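A closer look at the structure
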Amino acid sequence: MHEVFKKIKKHRVIAVLEIDSLENVNPVCETLLSSGVSVIELALRTEVAQKATEQIIKNFPQIIVGLGTVLNEDQVKFAIDSGVSFAVAPGCNPKIIDLAKKNNLLFSPGICSPTDIEISLDYGCNVLKFFPAENSGGIKYLNSINNPYKHCLLYTSPSPRDATLSRMPSSA
């Protein structure tokens, strides 16, 4: 497992952020750091997400920055060019995984079935995001499919009702 993913596994918490205003970047990052959270997945779902990524990397080098909602080749290229530590997709698109791999970008595809896990493993990905977690059976389902794949790190994002920022199966 890559050093970045080892650090993420050690922290066991990933703050999944959607930033809609650059004014929020510094206060959010300061709050996270003061709370002991130093790993973020910044979703590429807003008009300012790319600028926010650049701002975080510049101003908060102690934060491990990953990009989420990476859906297309342009977003993979931005991830590479911006210098983020990793990228995450909500799905398991071989074309996107391949581009990330060819450019040495640590990539975590979204999975929701054993088939998705095995496709991801075929591309050399061993840190996988269970998405959409709640609609696909939640932690209980993830734990049930985790047994054959204990050599992988499977993690999930919270539902809105969940008090944690991100959780992993009990065997992770």
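Structure: see above.
1. Points about the sheet that holds strand β8 (residues 153-156)
Within the open sheet, the 3 strands sit side by side as β6-β7-β8. Their pairing is parallel. Looking along the sheet, the strands with just one partner apiece sit at the ends: β6 (110-111) and β8. Bridging between strand β7 (residues 127-130) and β8 involves 4 bridges; their strand directions are parallel. Looking at β8, one finds that Phe 130 is bridged to Thr 156. Sheet strands in contact with helix α7 (residues 138-146) are β7 and β8, and its direction is about 170 degrees off that of β8.

2. Here's the deal with the sheet that holds strand β3 (residues 64-68)
With parallel pairing, 5 strands are arranged side by side in an open sheet as β1-β2-β3-β4-β5. Of all strands in the sheet, those bounded by a partner on one side alone are β1 (15-17) and β5 (107-108). Bridge count for strand β2 (residues 39-43) against β3 is 5 bridges, and the pairing is parallel. By the bridge assignment for β3, Glu 41 is matched with Gly 66.

3. A look at the nonpolar core
Counting 43 residues, the largest nonpolar core has Ile 19, Ile 40, Ile 56, Leu 67 and Phe 107 as the members making the most contacts within it. Broken down by element, this core gets its largest block of residues, 4 residues, from helix α5 (residues 94-102). Listed in part, the 12 residues of the second largest apolar core include Ile 8, Val 39, Val 88 and Leu 153.

4. Notes on the packing of aromatic side chains
Within this structure, the stated rule accounts for 1 aromatic pair. Ring centres of Phe 130 and Tyr 141 lie 5.7 Å apart, and the angle between their planes is 35 degrees; this geometry places the pair in the tilted category. With Phe 130 in strand β7 and Tyr 141 in helix α7, this residue pair connects regions lying 11 residues apart in the sequence.

What counts, and at which threshold
Residues numbered from 1 in each chain as written. Predicted model: local features only at pLDDT ≥ 70, side-chain atom pairs only at ≥ 80, totals over all residues. Heavy atoms only, no water. Pairing = 2+ DSSP bridges. Helix = DSSP H or I, 4+ residues; strand = E, 2+ residues; numbered from the N terminus. Contact = heavy atoms within 4.5 Å. Axes fitted to C-alpha atoms, helices over the stretch in contact; angles between N-to-C directions. Core = buried A, V, L, I, M, F, W, Y, C linked by side-chain atoms within 4.5 Å. Buried < 20%, exposed > 50% of the residue type's maximum accessible area, 1.4 Å probe, protein only. Phe/Tyr/Trp six-rings, centres within 6.5 Å; stacked < 30°, edge-to-face > 60°.

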